[in-house]
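# Architecture at a glance
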Amino acid sequence: MSEILTPRERFGLLVIDEVPDRVPLFPLLTSYAATYSGVPLRDYYTTGETMARCQLQAREFLQTDFISIFSEVGILAEALGSEFIYPEDDLPILSRPRWRTLQEASDHLQKCSNPDPSSAIRHFPGQTRFRVYLKAIDYAYEAIGDRVPILAYIPAPFTTAQQLVEPEAFLLGLLDSPELILQLLKYTTEAAISFSRLVIRAGALPILVDPLASGSVLSPEQYQQFALPSEKMVIDYWHRYDLDVVLHICGDTTGIISLMPATGADLVSVDKIDLEQALTAVGEQVRLIGNFDTSDLWLATPAVIEEQVEKMVLSGKGCPRGYVAATGCEVPLATPRENLMAFVRAVKRAGGYDYPKH
Amino acid sequence: MSYQDPQPARITFEQWDELFARIPDELIDRFHYFPPNSFSWSKYLFPPQTFAIYGARHLRRLKFDNSLASLRLWGFVNNESERLFRARQMGKRVIAVMGDLGPLAVIVNSFPDCIPFYPDCWWWTPFAMESKVLLDAAASLGIGEATCFSRAALGAFAKHSYFPDPDLILAATGASCDDYSGVESLVAKLTGRVKWVETPLRLSGQNEQLIRFLVAEYHRVVSALEDLTGTRLTGTMLKDGIRRANRVRHLTSRLRQLAYQHGVLPALETMMVEFGCLHYYSDITEWTAILEHLLSTAEFRLKNGLLVLNPESLRIAWLTPPADPLLLCFVEDHNARLVATEYVINQALSIIDESLPGLAGIARTTLAGSLNGTSAQRAELLITQARTNQAEGVIVSGILGGSHCAMESKLIAQHIKQRHNIPILEFDVAPPAKEVDRQTRTRIEAFLEVLRSRRCQKS
């Protein structure tokens, strides 16, 4: 049965503190869209039109409320000089970070009189997947942009920084060379802003994803010292455009959930955290997005999924600022279709609000 | 805070983004709707990119004036939907006024904390979004392609997501658009709570009688608003409402004059200015401030010889608003400019006589307006302006499916041909699309060629 509101109308009401017909539906259908369409992953993330078509097909099938332009978080690091390999049936894999050590990165950035990442971005476009992203956004926007918000995932500065330097060196640097980390973060923050401007012009709503800033990697103190300030700078920039900003951090965010609103995010997307706990911590300040366990989505039966999702939605609807029913992280590639359909059914059944029929 | 307008120009969507990057944060923070409130959500100085991201796809293809005042105008116009919801959240009464294009809003606006808006204006939405969503919603309620694009208003009512459910719906019928009267009837059926107001056709020799009739109708409107708000409308309140409406109309009149006589503002922005006289984009105080800003920009440009349009470009008069704003850009891209317009909203542009009793003053202006007169009278309104500003051609755009357009466009064209030796182009505006359709494009181009060769012959 057709619904009274389009996804865009539904989201539009949510972000101006009005109650829509039901909670928006947002399983993080990223690279899964390729699996759904039977397209090799490499084609998905190297061809903009393919990425968009897969997204459109998956959305058509599931009738979700957003299009997700995304493959993985390496896109910005790659544009800034890290090297990735492109397996046919897997997502890009970081093969060589731009710098081996933080000191090398620092020396390079100091040597450049103006280490402007936007010029780096301009320098690299032939070799990066920026064009893929922008083409995908444009294609999806022209196809369905009047009815469905197009979301483009932008890797946060902290996550990008980790992919520019050898991981071990970066993690040790958090402890013994914080000033070098901050210097690198300044660079990646500018890069994220430059990239997001292209995305904004193309018609997509940028959302900030910072998987490597999760509680599984950083302590709350480290999050506050390194990741949060750079997230805030990007979000502040997006607020110049009056955009409703989503911040997504995967993994366990229990320790940092109360810090996340300080980034300025309007909607906070969470993964492995008790939803009630998140709601109590930040529900008065931000809209919550989350957080069905993606392992369950992959491995549980449809009946179990429906039951659990209903419970989650009823809990999420208690969020005073509004709620979006989502998966905690990206939908696993091997997720059975019937499981996703169970997720969608349950959200639509349990997510309704009292809304005029006509 | 330093920001100076660049050399006047019509710029693209991408160019506005470049320009916006130079606008200081303090300036973005300065402008709020519903002043003197300054909530974080009431800012509106945002570029076309913001609204494109939220679905206004047409913005990517338009050309805009590059002044700060125009950016302010666009930001304000584009967030009207949000503003109406916020008005409700702030405890204001939101009143839908329909069909009379201007006068009822003056009365509503005289009541404290009452916000009038014309759902009629949602006819722009399918074009702004390049979308059939609202038109499909209207079709599902029984009004399809054989009707004017104003049917989008019905779709908007049905969805409850473009404006809050109004506290009161006032619908004018009689001397109004035929199709829109049909839309109003369906809104009445949908909502079950429309208060009808009859607006009569102007008839020679019966003016005083008709004014008395219209004043009686307006008294019913006042009573409905008094019942709703619990506030009695005093003469002073009404006078103040009229004075504020007249302020908007004076500013608009001067801006039209500067734009059409001197080319200091493009046609698109000038059209948005004209339509602001209908209901002030739901916030008369801020809209007035925006008009003042635009006027100071226009006067500065004129004083310094900074024109945005080529003064030598072809001079065009345009009759009936082109539902698709891209058409105005298209004409200007082809080195022509508008020097006269008759958008059927003359009753919202004319100054209300403040020496008369309030409702009588409004009624008199209403009856003299373009909506309440004959086709010939509309043609005369345009001819007067066209002569003053030496228009070289007239474009009459009809609305596809608009029942009155099929007949009226012909009558108007005939009248203009008989009275004024000037070439005329007539066409119907096509349904929402991302570009001007090929046939219309060719016809406009050919028409402009004709005007160019006529000019050469004369010279």
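Sequence order as written defines the numbering, with residues in each chain counted from 1. Whichever chain is written first becomes A and whichever ligand is written first becomes 1, with later ones labelled in order. Local features in a predicted model are, by the rule used here, given only for residues with pLDDT of at least 70; side-chain atom pairs are given and counted only at 80 or more, and totals for whole chains, interfaces and linings are based on all residues.

This part takes up the domain arrangement of chain B. Residues and elements named next belong to chain B. Residue ranges assigned to each domain were obtained from an automatic or database domain assignment. With domains assigned, chain B is organised as domain 1 (82-232) and domain 2 (309-342 + 374-459). Computed over C-alpha atoms, the centres of domain 1 and domain 2 are 29 Å apart. The partner domain 2 presents eleven residues to the 14 residues of domain 1 that form the contact. Numbering of helices and strands runs from the N terminus; a helix is a DSSP stretch of H or I covering at least four residues, while a strand is a stretch of E covering at least two. Among the secondary structure elements, those contributing two or more residues to the side of domain 1 that touches domain 2 are helix H7 (125-129) and helix H10 (178-191). For the side of domain 1 that touches domain 2, a count of residues per class yields seven nonpolar, two polar and five charged. Once C-beta atoms have been placed from the backbone, residue pairs whose C-beta atoms lie within 7 Å are recorded as contacts. In this classification, the charged set is Asp, Glu, Lys and Arg, the nonpolar set is Ala, Val, Leu, Ile, Met, Phe, Trp, Tyr, Cys and Pro, and all remaining amino acids, among them Gly, are polar.

Let us now look at the pairing of strand S1 (residues 25-28) of chain A. Taken residue by residue, a regular strand's side chains alternate between the two faces of the sheet. Residues and elements named next belong to chain A. Going residue by residue along S1, you find Leu25 and Pro27 tucked away on one face and Phe26 and Leu28 tucked away on the opposite face as well. Whether two strands pair comes down to DSSP finding at least two bridges between them. By the bridge criterion, three bridges tie S1 to strand S10 (residues 323-330) in an arrangement that is parallel. Residue pairing in the sheet places Phe26 in a bridge with Ala326 of S10. Residue burial here comes from a neighbour count, namely the number of other C-beta atoms, placed from the backbone, that lie within 10 Å of the residue's own C-beta, with 20 or more meaning buried, 12 or fewer meaning exposed, and in between meaning partly exposed.

On to the sheet that holds strand S9 (residues 287-292) of chain A, then. All names here are of chain A. Spatial ordering of the open sheet is given by S1-S10-S9-S8-S7-S6-S5-S2, a layout of eight strands whose pairing is parallel. Pairing within the sheet leaves two strands with one partner each, and these edge strands are S1 and strand S2 (67-69). On average, adjacent strands in this sheet sit at an angle of 25° to one another, irrespective of strand direction. Note that strand S6 (residues 205-209) and strand S7 (residues 246-248) share three bridges and pair parallel. The residue of S7 that forms the bridge with Val209 is His248. Its contacts with the sheet put helix H8 (residues 130-144) on S2 and strand S5 (150-155), and the angle it makes with S2 is roughly 165°. To obtain each axis, a line is fitted to C-alpha atoms, and for helices this fit is confined to the stretch in contact; angles are then taken between N-to-C directions over 0 to 180 degrees.

For the rest of this paragraph, the subject is the sheet that holds strand S3 (residues 93-98) of chain B. Residues and elements named next belong to chain B. Pairing in this open sheet of four strands is parallel, and the strands run S4-S3-S5-S6 from one edge to the other. On the outer flanks of this sheet lie strand S4 (114-117) and strand S6 (194-199), each paired with one strand and no other. Along the sheet, successive strands turn relative to each other by an average axial angle of 25°, direction set aside. Packing against the sheet, helix H11 (residues 207-229) makes contact with S3, S4, strand S5 (168-174) and S6, and its axis sits at approximately 160° to S6.

Turning our eyes to something else, we now look at the interface of chain B and chain A. Contact residues are listed per partner, giving 26 residues for chain B and 24 residues for chain A. It is helix H3 (residues 48-53) of chain B that contributes the most residues to the side of chain B that touches chain A, four residues altogether. Across the side of chain B that touches chain A, the residue classes tally to eleven nonpolar, seven polar and eight charged.

A few words now on the packing of helix H4 (residues 68-78) of chain B against helix H14 (residues 284-303) of chain B. Angle between the axes and distance between the axes: these two values describe a pair of packed helices. Residues and elements named next belong to chain B. Contact geometry of H4 with H14 gives a least axis separation of 8 Å together with a crossing angle of 155°. Comparing the axis directions of H4 and H14 gives the class roughly antiparallel. Seen along the crossing, H4 lies across H14 with a hand that is left-handed. In this structure, H4 contributes Ala69, Arg72, Leu73 and Phe76 to the contact, and H14 contributes Glu286, Ile290, His293, Leu294 and Thr297. Taken together, the residues of the contact of H4 with H14 sort by class into five nonpolar, two polar and two charged. Note on terminology: angles under 35 degrees are roughly parallel, angles over 145 are roughly antiparallel, angles of 65 to 115 are roughly perpendicular, and the others are oblique. Take the far helix as the reference: if the near one is turned anticlockwise from it by less than a right angle, the crossing is left-handed, and if turned clockwise, right-handed.

This part is about the nonpolar core. For the purposes of this analysis, a nonpolar core is taken to be any set of buried Ala, Val, Leu, Ile, Met, Phe, Trp, Tyr and Cys residues that are connected through C-beta atoms within 7 Å. In terms of nonpolar packing, the biggest core is built from 272 residues, with Ile69, Ile137, Ile150 and Ala204 of chain A together with Leu170 of chain B touching the most fellow members. Sorting elements by how many residues they give to this core places helix H11 (residues 178-202) of chain A first, with twelve residues. In terms of domain composition, this core takes at least three residues from each of domain 1 (82-232) and domain 2 (309-342 + 374-459) of chain B. Setting aside residues no more than four positions away along its own chain, Leu170 of chain B makes contact with Ile95, Ala96, Val97, Met98, Leu104, Lys195, Val197 and Val221 of chain B.

Moving on, we get to the environment of Ser194 of chain A. Its place among the elements puts Ser194 of chain A in helix H11. For the pair Ser194 of chain A and Val234 of chain A, spaced 40 residues apart in sequence, the C-alpha to C-alpha distance is 9.8 Å.

Residues and elements named next belong to chain A. Within S10, eight of the eight residues are buried, which leaves it mostly tucked inside the rest of the structure. In the sheet, S9 pairs with S10 via five bridges, with the strands oriented parallel. In the sheet register, Leu288 faces S10, and the bridge partner there is Tyr323.

Below, the discussion takes up H11 of chain A. All names here are of chain A. Helix span, expected: 1.5 Å multiplied by one less than the number of residues in the helix. Between its first and last C-alpha, H11 extends 36 Å over 25 residues, near the 36 Å set by a 1.5 Å rise per residue. Among the 25 residues that make up H11, 18 are buried, leaving the element largely enclosed by the rest of the structure. Following H11 by one or two positions, Gly203 adopts a phi angle in the positive range, close to 110°.

Residue and element names in this part refer to chain B. Mapped onto the fold, Val339 is located in strand S8 (residues 336-342). Val339 gets classed as buried once you count the C-beta atoms within 10 Å, which come to 25. In sequence terms Val339 and Ala317 are 22 residues apart; their C-alpha atoms lie 5.7 Å from each other. For Val339, the contacting residues outside a window of four places in its chain are Tyr260, Arg315, Ile316, Ala317, Asn389 and Ala391.

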